[in-house]
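# Results of the structural survey
Here's the letter readout for the chains.
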Amino acid sequence: MSAPTPSDPSAPALAATYGAHNYHPLPVVVTHAEGVWVTDQDGRRYLDMLSSYSALNQGHRHPRILAAAREQLDRVTLTSRAFHNDQLGPFLKRLSEVSGFSRSLPMNSGAEAVETGLKACRKWGHTVKGIPEGRARIIVAANNFHGRTITIVGFSTEAQYRAGFGPFTPGFDVVPYGDAAAIEAMITPDTAAVLLEPIQGEAGVVVPPEGYLKAVRAICTQHNVLMFLDEIQTGLGRTGRMWAFEHEDIRPDCITVAKALGGGVYPLSAFCADDAVMNVFTPGDHGSTFGGNPMAAAIGRAALDVIVDEQLPAKAAELGGYFMERLHELHSPHVREVRGRGLLIGVEVHEASGTARTFCEALQERGVLCKDTHGQVIRFAPPLVITRAEIDHAMDQVAPVLA
Ligand SMILES: *Cc1c(COP(=O)(O)O)cnc(C)c1O
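The rules behind these values
- Residues numbered from 1 in each chain as written.
- Predicted model: local features only at pLDDT ≥ 70, side-chain atom pairs only at ≥ 80, totals over all residues.
- Heavy atoms only, no water.
- 1 Å grid on protein atoms, 1.4 Å probe; cavity = no way out; pocket = protein on both sides within 12 Å on 5 of 7 lines; lining within 4 Å.
- Points joined across faces, edges and corners; volume = space filled by probe spheres on them.
- Nonpolar A, V, L, I, M, F, W, Y, C, P; charged D, E, K, R; others polar.
- Near = heavy atom within 4 Å.
- Polar contact = N/O pair within 3.5 Å; in protein donor to acceptor, adjacent residues only side chain to side chain.
- Areas by Shrake-Rupley, 256 points an atom, 1.4 Å probe, with all protein chains shown as cover.
- Pairing = 2+ DSSP bridges.
- Helix = DSSP H or I, 4+ residues; strand = E, 2+ residues; numbered from the N terminus.
- Axes fitted to C-alpha atoms, helices over the stretch in contact; angles between N-to-C directions.
- Domains from an automatic or database assignment.
- Contact = heavy atoms within 4.5 Å.
- Buried area = accessible area lost by both parts, 1.4 Å probe.
- Salt bridge = Lys/Arg side-chain N within 4 Å of Asp/Glu carboxyl O.
- Buried < 20%, exposed > 50% of the residue type's maximum accessible area, 1.4 Å probe, protein only.
- Parallel < 35°, antiparallel > 145°, perpendicular 65-115°, else oblique.
- Left-handed = near helix turned anticlockwise from the far one by under 90°.

This brings us to empty space enclosed by the protein. According to the stated counting rule, one finds one cavity of 30 Å³ or more in the structure shown. Quantified by volume, the largest cavity comes out at close to 70 Å³. Among the residues making up the lining of the largest cavity, the classes are represented as three nonpolar, five polar and two charged.

Our focus in this paragraph is the site of the ligand. Around the ligand, the neighbouring residues are S109, G110, A111, F145, H146, G147, E197, D230, I232, Q233 and K259. Within the side chain of Q233, a nitrogen or oxygen atom sits 2.8 Å from an oxygen atom of the ligand. Taking K259, its side chain carries an N or O atom lying 2.7 Å from an oxygen atom of the ligand. In isolation the ligand offers 380 Å² of accessible surface; the protein chains occlude 80% of this area. The residue inventory of the shell around the ligand, partitioned by class, reads three nonpolar, five polar and three charged.

The next point concerns the sheet that holds strand β12 (residues 344–349). Strands sit in the order β11-β12-β15-β14 across an open sheet of four strands; the sheet is antiparallel. Both outer strands of the open sheet, β11 (335–341) and β14 (371–373), are each paired with one neighbouring strand and no more. Sheet twist, expressed as the mean angle between neighbouring strand axes with direction ignored, is 30 degrees.

The next thing to look at is the domain arrangement of the protein. The assigned domain composition of the protein is domain 1 (11–58 + 312–402) and domain 2 (63–309). Every contact between the two is made by 28 residues of domain 1 and, on the other side, 27 residues of domain 2. Regarding the contact of domain 1 and domain 2, the summed buried area is about 2,200 Å², with carbon and sulfur atoms giving 57% of it. When the buried surface of domain 1 facing domain 2 is broken down by residue, Q58, R341 and L344 rank first, second and third, together holding 31% of it. The interface formed by domain 1 and domain 2 contains one salt bridge. A salt bridge links R379 to E202; its shortest N-O distance comes to 2.7 Å. The interface formed by domain 1 and domain 2 contains 17 residue pairs in polar contact (both at pLDDT 80 or more). Mapped onto the side of domain 1 that touches domain 2, the elements with two or more residues apiece are α2 (51–54), α12 (312–329), β11, β12 and β15 (377–380). Tallying contributions element by element places α12 first for the side of domain 1 that touches domain 2, with five residues.

So, about the pairing of strand β9 (residues 254–257). The two faces of β9 match: C254 and T256 on one face and I255 and V257 on the other face are all buried. Across three bridges, strand β8 (residues 226–230) lies against β9 in parallel orientation. Paired with F228 across the bridge in β9 is C254. Looking at chain direction, β9 and strand β10 (residues 269–273) are connected through four bridges and run antiparallel. From the neighbouring strand, I255 faces β10, where its bridge partner is C272.

In the contact formed by helix α13 (residues 356–365) and helix α14 (residues 388–402), the axes pass within 10 Å of each other and the chain directions differ by 135 degrees. The orientation of α13 with respect to α14, classified from their angle, is oblique. The interaxial crossing formed by α13 with α14 has right-handed handedness. Here α13 contributes F359, A362 and L363 to the contact with α14, which in turn contributes Q397, V398, V401 and L402.

See below:
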């Protein structure tokens, strides 16, 4: 093994000087990581309770995923879709087995997968449902988060995500989240799809009322509207089931998958649907130079195998329940609500107690990394390979900070 490269202590200053200022990171400089642990420049270890917003469900540098990546590096890394490669087919087959959808269209980032799905739903609306060309509309929820492209921020209700970036793509209708009747009232003959997160992660881990997804499913079926769920953050085991929609025993018409699909190693996303929707695409309609490349496909297949073989959804259910119980037992005067599902947990703190960021900074001092979302919510979303003992260790730090 080669000696570790000494890291440049001025790395964050260089990023501040030469990079765009579109993030406000906590002041920790990560140089190494393994499993649920990351190490900073001074050799200090931290428990990673954010896991890159659920992109690290399998943990940092999972050996099986690294092995697949190394093997593929020595064979072929990029072909473009102009040619076949020997990795894409087996990856798509595995994704189909795990998702239950007959076909997938691979892209790179989550936002691209959502854009792919929006295109599919619109084209399905025009060519299958019979909506007059250029009139298809898509219903979305208030406080949604689906990525950062112009089209996607155009239907965001977060002022900062939109300010200065217009004009926006038309064709979207916003309804309150968690209210199925509001969706039904918004549907017109031009409605092609309803796009929702099964749990709103960025909005502060907002869990909808029980029966919401089931009611939306029934409404969509009745009105011949596609139910399109964004499982980018909630999918691949995070909430205690492989997909969050399984909690309500329903099946949407299509989903987006990203984040943990790349196993924490490589950006990889997909839009998954059955033939009736996916077959609207014909050669030349849509694509991406890196989408479905052999590196991504080999890594993606290993990432899926790890989730299935290590039964990470069941682990998330069990340890998430335990973690949530421990958080409830704190009876902290600062906490307004503890909510979530599996290992996607939000702790909302009272405004009088300060912002969630203040609590995240205090946790960082104690060696636990997490991130605030929506001002008052601390999000806990550790890698799903975390152990009960590591949750206990986290609670030893969380308890005094919330006391
Ligand atoms: C992270 C996220 C996205 C966007 O993914 P990117 O890879 O950052 O483009 C979309 N939807 C949801 C629900 C997400 O959590």
